[in-house]
Structure formats: C-alpha cells, structure tokens
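The chain contents come next:
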Amino acid sequence: MPDVDPRIEGLRTEALAALASASDEAGLEQWRITFFGRQDGRVSALLRSIRDVPADQRAAFGAAANAVKVELEGALEARQEGLKSAALKALTTEAALDVTLPGRPQPLGRLHPVTQTMRDCLTAFQEMGFRVAEGPEVEWARYNFDAARIPEDHPARDMWDTIWVNTLIDGERNMLLRTHTTPNQVRVMERTPEPPVRVVVPGKCYRQEATDATHEWMLTQIEGLAVDEGVRMTDLKGVLYGWARKMFGADRKIIFHHSYFPFVEPGVEMAIDCFICRGSGSACHTCHGTGWIEILGAGMVHPEIIENAGYDSSKVTGFAFGLGVERVALLRWGIEDIRNFYANDLRFLSQF
Ligand code: PHE
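Residues numbered from 1 in each chain as written. Predicted model: local features only at pLDDT ≥ 70, side-chain atom pairs only at ≥ 80, totals over all residues. Heavy atoms only, no water.

In this section: unusual backbone geometry. A cis amide bond links Pro 195 with the next residue in sequence, Pro 196, at an omega value of 10°. Counting through the fold element by element, Pro 196 comes out in the loop between helix H7 (183-190) and strand S5 (197-206). Put simply, Glu 265 and Pro 266 share a cis peptide bond, and its omega is 0°. Mapped onto the elements of the fold, Pro 266 is located in strand S8 (residues 264-273). The phi angle at Arg 149 is positive, at roughly 60°, despite the residue not being glycine. For Arg 149, the location among the structural elements is in the loop between helix H6 (141-144) and strand S3 (163-164). Backbone geometry places Asn 344, a non-glycine residue, at a positive phi of 60°. If you trace the backbone, Asn 344 turns up in the loop between helix H10 (325-333) and helix H11 (346-349). (Helix = DSSP H or I, 4+ residues; strand = E, 2+ residues; numbered from the N terminus.)

Right, let's get into the site of the ligand. Around the ligand sit 14 residues in total, of which His 180, Thr 182, Arg 207, Gln 221 and Gly 322 are the nearest. Side-chain polar atom of His 180 to a nitrogen atom of the ligand: 3.0 Å apart, as the coordinates give it. A distance of 2.9 Å separates an oxygen atom of the ligand from a polar side-chain atom of Arg 207. Burial of the ligand by the protein amounts to 89% of the accessible area it has alone, namely 330 Å². At the level of secondary structure, the elements contributing two or more residues to the shell around the ligand comprise strand S6 (218-229), strand S9 (292-301) and strand S10 (316-324). (Near = heavy atom within 4 Å. Polar contact = N/O pair within 3.5 Å; in protein donor to acceptor, adjacent residues only side chain to side chain. Areas by Shrake-Rupley, 256 points an atom, 1.4 Å probe, with all protein chains shown as cover.)

The buried fraction of S8 is high, at 7 of 10 residues. Hairpin remark: strand S7 (residues 254-259) followed by S8, antiparallel, with 4 residues in the connecting loop. Sheet topology places S8 next to S9; 8 bridges connect them, and they run antiparallel. Along S9, the bridge assignment pairs Met 270 with Leu 296. (Buried < 20%, exposed > 50% of the residue type's maximum accessible area, 1.4 Å probe, protein only. Pairing = 2+ DSSP bridges.)

A few words now on H10. Every buried residue of H10 is accounted for by Val 325, Glu 326, Val 328, Ala 329, Leu 330 and Leu 331. In the core, the buried residues of H10 are packed alongside helix H5 (113-127), S6, helix H8 (233-248), S9 and S10. Positive backbone phi, approximately 65°, marks Gly 334, located one or two places after H10. (Contact = heavy atoms within 4.5 Å.)

Overall, the coordinates contain 15 salt bridges when judged by the stated rule. Where Lys 84 meets Glu 81, a salt bridge forms, and the shortest distance between an N and an O atom there is 4.0 Å. One end of the pair is Lys 84 and the other is Glu 81, both in helix H4 (residues 55-94) and 3 residues apart, which spans about a single turn. Among the residues examined, Lys 84 registers a relative accessible area of 53% and is labelled exposed. Look at Glu 81 and you get partly exposed, because its relative accessible area is 48%. For Lys 246, the salt bridge is made with Glu 127, and the minimal N-O distance between the two is 2.7 Å. (Salt bridge = Lys/Arg side-chain N within 4 Å of Asp/Glu carboxyl O.)

Below, the structure is given as structure tokens:
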C-alpha cells in the first residue's frame, strides 16, 4: 500500500486538532464550514482535487481522500454527542436538577363533603328499601305550598323566606325556588297509581335567609316518604333510628319532640344526643346545654294529602321526614360553621 499523500494526512491531523478544541455548538458549526463548506470547505476542495492527480496515482489518492472524509464526518458526529452529554451533565450537577425524578402528581379532585354525606344518607335509606327520586328546583307554588297544606297567609310564603322567580301572572306569584323537598311527596304520589310508595328525594332548597353558623340561603335536603297499608309511627322511628346509627355510630340515642308542620299529623322533630358534651355541659355551643341536637322534621302524612293523591286514607297511611344534609355533615365532622361548605376554600374542603 503506497504511503498516504502528505496533503491528506496533514489535513486530517489539522482537522482533528481543530475539532478537539471546538468547545460549543458555534465552534462546531465554524469547523463544519471550514472543512465541509460546499464552496470553500477544505475537505470538499480535497475531493475536487482528485481529478487533477496523475492517472496512475488517482485511485489511491481518491481512496485515501474519501477515507479521511468519512473519518472526519464520524469525528464531528462523535464530538457533537460528546458536547451534548457534557452540557446535560453540567445542567444536572451545577443546577442540581435531577431529571430522573418522577413528575409532580396532578392534584386529584374529590367529592364535596355535603355530596359525600348525601350519598351516605341515601345509601342507608336504600338499604332499608327506599328508592331515590328527584324533582325540580324551580317549583310551582301549588306544589311547594298549597299541596303541602301551607295556606295563602302562611309566613313561609312571604318575600322574607321565599325566592320567587317570576313576575305576577293574573296578579299572583306562582313560581319559586323550592323552599323544601316536601313538594316531592305529592309529585311522587301523583305518578304512583297504587301504594306502596317508598322514596327518598334529595335536592337543593333555597330560602331568603340571614346567614349564620347554622343557616345558609341554599341547603340540601332529603325528603323521605313511605305510604302503604299499616304504616305507623313506629316504622318512622325505626327507619330514622337505623339511619342515625349508620351515620353517627352505634351508640347514638335519639328523641322525638312534638312539632307542627301543616303536611303531617302528628308532627315531630327528631334530635340526637349531643356527642360533643355528652349531654353534660350547660356551656355547650352545639346543643346549647340541652344535651340534644335537632336534626330533622318528620311525621305521619296528613290524610288530606293522601286523599289528594287519589289514595284511600282509610286504607293506607304514610310517614314523611325531611332532613338537612349540611346539618348532618356539621355534626358528623364537628364542623363549626355551615358557611364553610360553600366558601370554595380548598384548605377546608380537602380535609374530607
Ligand atoms: N319540609 C320540612 C322543612 O323543610 C321538613 C319536614 C319534611 C317535616 C317532612 C315533616 C315531614 O322544614
């Protein structure tokens, strides 16, 4: 094999040295132009010069020139890679960035505490044979009041309580944001031709309210209704007792006080024993020293309402209850102020 032409060997040595001293992207690009630039690049010129070599040496010269071209291209590529990994290494050590760390987890949402409580309540009633139904939030006065035996002059109809949504029709206000879920007693019976009826109806209700720690202008209720032959007050007590134990634990005590609601007779309010003071402290803020916390209204469905639904009130009887889900959630977690639920503060909400 003849010796490599000194011009080729000289170019090779020079190019490799220049490449080794190029220390960044710009240096490499400069090198590429110097040696491989299409017009004036020195390797390009070398290849072009092959045709001027005497014919007997041309093959050997050409082969050597091409070998150097290939070698230098490979060297450039290797140098580029080398610079890249050096830069990455500098970034990870100097900037203390660990690119192998896992990504930041995306925060996961969760159910609102009132929604959780509502679902838990519904599950407890479903396990006792109740079906879940729903009704409209924008309601006719006829269902919200008249059908529930709340007369024209009852204070609950007043602007003070009720959020009316329409202007007068024939001189009357007749559409509103429902003030309770009770209209669904009638709505469910109307679409159930024959008893038995056994439903729970969850939903938002609205009242014009001066808000405080236990009152919000929007509240979530669950209405319960059971109508059948031989339904008695003891059935009502049994169902509510079963629900209270499920929500508040096995040793809860409950008590019924007489109360008045136009749509039930007799009517009661149910309270559970105060598990903050255990009924001992007169200074307890939760039960105001009584030892009992009111949590819902209930009673036996008024016979007039049973009759209005087209059922025979001498054959069937029913019980109904209406509970405030926010109240239950307050008690369940010992929360002090109901307004926390709708203040949209994730520091509060993410605790549940
Ligand atoms: N609707 C009543 C309220 O909102 C609660 C209730 C429902 C009472 C059913 C008795 C029977 O206060």
